[in-house]
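Here is how the chains run, residue by residue.
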Amino acid sequence: MSELWIPLMVVIPLICALFVSALSRFNKTIKVIALVVAIVIPIIPFLSNYGLHIFGGFLPMTDSITGMVYHPSIVYSFGVLQKIFIVILGILAFLVLLIYINKYKKASGPYIFLLFMGIAAVTALLLTDDIFNMFVFFEILALAQVGIVAASSLDNNYEMALKYMILGAIGSPMILLGVGFLLAITGSVNITDIVAAIRMGKVAITSPVFLMSCGLIFFGWLYASGLPPFHTIKSGMYSKAEPHASALLQAFTVISMVSIILIMFRIYSAVPIFEALLVVFSAIAMILGVTMALTQTDYRRMIGFLAVGELGFIGLGIGLGTQFAITAGLFQAVNEIIITASLFIGFGAIAYLSGETDTRKMGGLIGYYPKIAILVLISGLAMAGVPPLNGFQSKLMLVQASLSCGYPELSLLAIIVSIATFVVFVKAFYTMFLRPKPNTLKISNKKAPKSMVFAMVVFLIIIIVLGFFPGIVTTGISQFAGGLL
Amino acid sequence: MWLYDKFFEAVKKFKQLFSGGPVSNSDVSGTLAAEFLLIVSFCLVALLIRHVNILLSGIVVLILAIILVVNMPLIPKFKSEQEDSLNKMIFYGILTLAIIIVFIYWGSAYV
């Protein structure tokens, strides 16, 4: 056990990405490398100690006059929260790669390269204590996401990827400008140093430059997390990627959202309106996401909008700002990664088998694919917050948190949105599985890929275990939230 | 009966939302649920203004509820504003940036 494992959580997927790309002509080799690394990724966090890794060995320096400590190099911080998210990401990455390798006889080196670059980037976002390093990996992640969507075989995928990149050209420079403003007023890009400078009163929180940096980074965060006004493009990205890739893309979104908002929370929690803005944008995301999902007839887009709406619950918990509320928000993030991945893969299996994505042209599929129907049903119930599944536990915590913070209207909103989510799901499930099969729908003799069913069963086990024993993750998350405050 | 007629007119307009395929009961009921969800949830969010001023919150909720009900059906308008048009996405992106900056710069005194 050593802190030396901390950088390897980023370095291993990065090196794997480069190897796989370079060896893309050797089909079996890249498949083996990808699977082995995917198995290793969730194991590394268990081998590593909690702590800091300082790159280059440049130890912190103390200013003898002011007593302030400066970190001259990039620092990675590994704690219990990072461990939980990296393990979940690792499990998901393994299952996604398994589905991909099982589906395609000839694996694409550049495509696997993009998947691993995305995994490395979100891991770095979780670990980094350097705000410029955060921006660099945020950019790498955005490009990897564009590449993954552009590499899919669905209609209009290039257009959606291009739009996401163009919007990124607005969102990303805003973050960079905000980072530049912070550097200008604090003299550091290390987050711990910036927070220390604010707490010691070296930076006035009413300073226009400081407030402007908050606004700019907040806007960039909206782009990264797909909250309004970027909810349309984010749901579009999910619907234009291959189902297994959508499962991974939504995990990238959730983790980048959580990573950046926790950094912002550390720096800007003293700005009084920061938490209010966070709550308002999260509430709008919940409303617009579910409202738009209710009106969709393409189930991929429906799940895309639902995934965006669920992000609002995470923001709501963190925006309320108490230890219990932050724990609830982060627990919701863990649950959303698992539940939405399961739904994307389940509906992806249906799309693969029936060749149809328009719910108006579907029906009667429960007679043909009962196993997938049951797995999708349980995942959908978990997303809607039906007990005793994990979604219920996190949503109940969020309702309790907003009540205890003195916001009963937010509790009501969370309940109403959960009911609407249930309606979306019941509508989709009925139209696809339960109503009589239309004569125009042709059912092929293909069987559901075993890797997809296996992935859904693994997710189902996690959903049920976290539903009955939420303490497995909430205890660690609560400790982290206590430290954050 | 005015409100009933209003709802009925709104439901008839939902048909235009589902181009290129048959419209089923579940599609219309889903859209109707979205319509009510939108009205109720925006009024709930507007109630948060009570933390700034209770009277202001009452007035805002009342005006918002009237505006939303009078302008039914809302979903076709909301859907057309949230389509995959790059122009609209950029427009709302820039508008949001302006709103964030205004609220962060001048809003901190009122929270």
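Right, let's walk through the structure included here.

Remarks on the overall build of chain A
Move 1: What chain A contains, in helices and strands, is 19 helices and four strands.
Move 2: In terms of overall dimensions, chain A is globule-like: its C-alpha atoms have a radius of gyration of 22 Å, near the 23 Å expected for 485 residues.
Move 3: Principal-axis analysis of the C-alpha atoms gives chain A an extent of 80 × 55 × 40 Å.
Move 4: When burial is assessed residue by residue, chain A has 63% of its 485 residues classed as buried.
Move 5: In chain A, the proportion of contacts linking residues at least 24 apart, taken out of those at least 6 apart, comes to 80%.
Move 6: Accessible surface computed for chain A: about 16,300 Å², of which carbon and sulfur atoms make up 70%.
Move 7: The centroid of the 26 positive side-chain charges in chain A is displaced by 17 Å from the centroid of its 16 negative side-chain charges.

Details of helix α14 (residues 323-354) of chain A
Residue and element names in this part refer to chain A.
Move 1: An ideal rise of 1.5 Å per residue puts 46 Å on 32 residues; α14 measures up with 46 Å between its terminal C-alpha atoms.
Move 2: Summarising burial for α14: 28 of the 32 residues are buried, a large majority.
Move 3: One or two residues past the end of α14 sits Gly 355, with phi positive at roughly 70°.

Observations concerning helix α2 (residues 25-46) of chain B
Move 1: Taking 1.5 Å of rise per residue, the 22 residues of α2 of chain B would be expected to cover 32 Å, and the 32 Å separating its terminal C-alpha atoms lies within 8% of that figure.
Move 2: For α2 of chain B, the buried fraction is high: 16 of the 22 residues fall into the buried class.

Looking at the interface of chain B and chain A
Move 1: Facing the 45 residues of chain B at the interface are 50 residues of chain A.
Move 2: Buried surface at the junction of chain B and chain A, summed over both partners, amounts to about 4,200 Å²; 78% is from carbon and sulfur atoms.
Move 3: By the criterion of area lost to chain A, the three top residues of chain B are Leu 37, Gln 82 and Ile 104 of chain B, representing 15% of everything that side buries.
Move 4: Inspection of the chain B/chain A interface yields two salt bridges.
Move 5: Summed over the shared surface of chain B and chain A, the number is six residue pairs in polar contact (both at pLDDT 80 or more).
Move 6: Sorting the residues of the side of chain B that touches chain A by element identifies α2, α4 (75-81) and α5 (86-107) of chain B as the ones contributing at least two each.
Move 7: Residue contributions to the side of chain B that touches chain A peak at 14 residues, all from α5 of chain B.
Move 8: Looking at the side of chain B that touches chain A, its residues break down into 26 nonpolar, 14 polar and five charged.

Things to note about the side chain of Ser 172 of chain A
Move 1: On the secondary structure map, Ser 172 of chain A appears in helix α7 (residues 157-186).
Move 2: Overall, the relative accessible area of 5% leaves Ser 172 of chain A in the buried class.

Things to note about the side chain of Thr 340 of chain A
Move 1: Structurally, Thr 340 of chain A is set in helix α14.
Move 2: Look past the residues within four positions of Thr 340 of chain A in its chain and what remains in contact with it is Gln 250, Ile 303, Ala 307 and Met 383 of chain A.

Some thoughts on the packing of aromatic side chains
Residue and element names in this part refer to chain A.
Move 1: The full count for this structure, using the stated rule, is 22 aromatic pairs over all chains.
Move 2: For the ring pair Phe 138 and Tyr 223, a centre distance of 6.2 Å and an interplane angle of 75° mean the geometry is edge-to-face. In this pair, Phe 138 is assigned in helix α6 (residues 131-150) and Tyr 223 in helix α9 (residues 208-225), connecting sequence segments 85 residues apart.
Move 3: Between Tyr 238 and Phe 344, the ring centres sit 5.6 Å apart and the planes meet at 65°, which makes this aromatic pair edge-to-face. Here the residue Tyr 238 occupies a position in helix α10 (residues 231-239), and Phe 344 occupies one in helix α14, the gap between them amounting to 106 residues. Exposure class is identical for Tyr 238 and Phe 344. Each is buried.

Here is what the cut-offs are and how they apply
- Within each chain, residue numbers correspond to sequence positions counted from 1 in written order.
- Key to labels: chains lettered from A, ligands numbered from 1, both in the order written.
- With pLDDT at 70 or above as the cut-off, local features in this predicted model cover only qualifying residues; side-chain atom pairs require 80 or more to be listed or tallied, and sums for whole chains, interfaces and linings still use all residues.
- Note: side-chain values were computed over all heavy atoms of the structure, leaving out hydrogens and water.
- Comment: elements are numbered from the N terminus, with helices defined as DSSP H or I runs of at least four residues and strands as E runs of at least two.
- Here the globule rule is a power law, 2.2 Å times the number of residues to the power 0.38, and the radius of gyration is based on C-alpha atoms.
- Per-residue accessibility, obtained with a 1.4 Å probe over protein chains only, is compared with the maximum for each type, and a residue is labelled buried under 20%, exposed over 50%, and partly exposed between these values.
- The contact rule is simple, with two residues in contact once any of their heavy atoms fall within 4.5 Å.
- Each accessible area value is a Shrake-Rupley result obtained with a 1.4 Å probe; residue values ignore everything except the protein chains displayed when judging cover.
- The charge count includes Lys and Arg as positive and Asp and Glu as negative, but it does not include His or the ends of the chains.
- By convention, the point assigned to a charge is CZ for Arg, NZ for Lys, CD for Glu and CG for Asp.
- Multiplying one less than the number of residues by 1.5 Å gives the expected span of a helix.
- The term buried area means the drop in 1.4 Å probe accessible area that two parts suffer when joined, counted for both and summed.
- Just to be clear on terms, a salt bridge is a Lys or Arg side-chain nitrogen sitting within 4 Å of an Asp or Glu carboxyl oxygen.
- Whenever a nitrogen or oxygen atom comes within 3.5 Å of another N or O atom, the pair is scored as a polar contact, on the condition that within protein one atom can donate a hydrogen and the other can accept it, and that pairs from neighbouring residues in sequence are kept only if both atoms are in side chains.
- Any residue outside Ala, Val, Leu, Ile, Met, Phe, Trp, Tyr, Cys, Pro, Asp, Glu, Lys and Arg is labelled polar, Gly included; the first ten of those are nonpolar and the last four are charged.
- Any two rings among Phe, Tyr and Trp, with Trp reduced to its six-membered ring, count as a pair given centres within 6.5 Å; such a pair is stacked if its planes are under 30 degrees apart, edge-to-face if over 60, and tilted if neither.

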